[in-house]
Structures are given as structure tokens and as C-alpha cells.
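Topology and contacts: notes
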Amino acid sequence: MHISSFDVFDTVLTRVVGTPKAFFLLLGKQLAASTLINCTPEAFVHARTTAEFRAYANVGEKYSLQQIYTELAIALRLTNEQREKIMHSECALESQLIRPIPIARDLIQTARKQGKRVVFVSDMYLPAEFIKEQLVRHSFWVDGDLLYVSNEYGKSKATGQLFR
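Residues numbered from 1 in each chain as written. Predicted model: local features only at pLDDT ≥ 70, side-chain atom pairs only at ≥ 80, totals over all residues. Heavy atoms only, no water.

Another aspect to go through is the overall build of the chain. Tallying secondary structure elements over the chain gives seven helices and five strands in all. Put simply, the chain runs from its N terminus to its C terminus through helices and strands in the order β-β-α-α-α-α-β-α-β-α-β-α. For the chain, the C-alpha radius of gyration of 17 Å lies close to 15 Å, the compact-globule estimate for 164 residues. Referenced to the eigenvectors of the C-alpha coordinate spread, the extents of the chain come out at roughly 55 × 30 × 25 Å. Counting only residues that meet the buried cut, the chain has 43% of its 164 residues in that class. (Helix = DSSP H or I, 4+ residues; strand = E, 2+ residues; numbered from the N terminus. Rg over C-alpha atoms; globule rule 2.2 N^0.38 Å. Buried < 20%, exposed > 50% of the residue type's maximum accessible area, 1.4 Å probe, protein only.)

Structure (C-alpha cells):
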């Protein structure tokens, strides 16, 4: 069987805000306005970015959104309830800001017409379930497709191990 693999973020889907820091600043502004955090949006950006680095340092390629938020909860002294609400807010904002990349749809449809199996891959901390939901929502996913996300396999695209 022939396979066509597609990276998910910045190949098939993208954020409308550009950099992750811009996304975290927007999230921080929302969280501050709803009083879910007791710091400035800028301080939230620093804490969220640092939490991601710590999660990666602690568990390597397998770091996930859950591990990031465990680190963030320590840094910002969040309760479990706050941590869960903020993590949910991050996913909700991601979902709102994700857009399809139009040419990707044509490439994927061409691969399918050629009888190739479509495989999506991502070096990402977001849960595979969330990523699949986005692919479904934007009409990229069909039954039989596969999705491999680095945090679920502890392997990355950068090393080539996720493809194996």
C-alpha cells in the first residue's frame, strides 16, 4: 500500500495568529479578563512558555498538554479546577483560531484519488483526539486515515522515529 503523509500544523491546518507567543498572549488576555489567572497576560505568556520547556525537559518527546499544565499549575499556583479550566480554554481558543490551508485539501484529495492511504503526523503537545476533531471539522479526515502525534508515541518527526 502506498502512503501520503501530511504534517498537520502549518501544512494542513494553521492558526490565524502566527506565533505561539501571540496565541498565548491572546489566551492570557482572555484568562485575565475572566479572572482565571492572577497575573498579567504577558506574565502568563512567560509562565506558559516556560512550563512547556520544563515539561519537555522532564519527559522528552512524550510531553503533552497535561504535563505542560501540571508545570504551569506549579508556577502560577493554580488549583486543579483552575488548571482544568485554563487547559480547556486553551483548547477552545485553538479550535476557534485554527483554519484550513486550502491547497492541502487539493493535495490530500489527489493522494486519495491515486489510491494512497492518508496519514497525518504532528510533533505537537495537543491530544490526538483534539487534532483529529479539527481534521474532521475542516473536512480533511475520512474513515481509514491515520494520525500519529509525537506526545502519544514518544517519538518525533525531527528524528524520523515518528514515521516508523
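So that's the structure; there's more coming.
Its location among the elements puts Glu71 in helix H3 (residues 65–76). The buried category is assigned to Glu71, whose relative accessible area is 13%. Of the polar contacts made by the side chain of Glu71, one reaches the side chain of Arg54; its length is 2.9 Å. When residues no more than four places from it in sequence are discounted, the contact partners of Glu71 are Ala51, Arg54, Ala55 and Asn58. (Polar contact = N/O pair within 3.5 Å; in protein donor to acceptor, adjacent residues only side chain to side chain. Contact = heavy atoms within 4.5 Å.)

On to the pattern of salt bridges, then. Summed over the entire model, instances satisfying the criterion amount to seven salt bridges. The shortest N-O distance in the salt bridge between Glu94 and Arg15 comes to 2.4 Å. Placement of the pair is Glu94 in helix H4 (residues 80–97) and Arg15 in strand E2 (residues 13–15), with a sequence separation of 79 residues. On the basis of relative accessible area, Glu94 is assigned to the buried category, the value being 1%. A salt bridge links Lys85 to Glu81, with the nearest nitrogen and oxygen atoms 3.1 Å apart. With a gap of four residues between them, Lys85 and Glu81 both fall in helix H4, about one helical turn apart. Classification of Lys85 by relative accessible area gives partly exposed; the value is 41%. Assessed through its relative accessible area of 52%, Glu81 is described here as exposed. The structure contains a network of salt bridges with shared partners spanning Arg48, Glu52 and Glu90. (Salt bridge = Lys/Arg side-chain N within 4 Å of Asp/Glu carboxyl O.)

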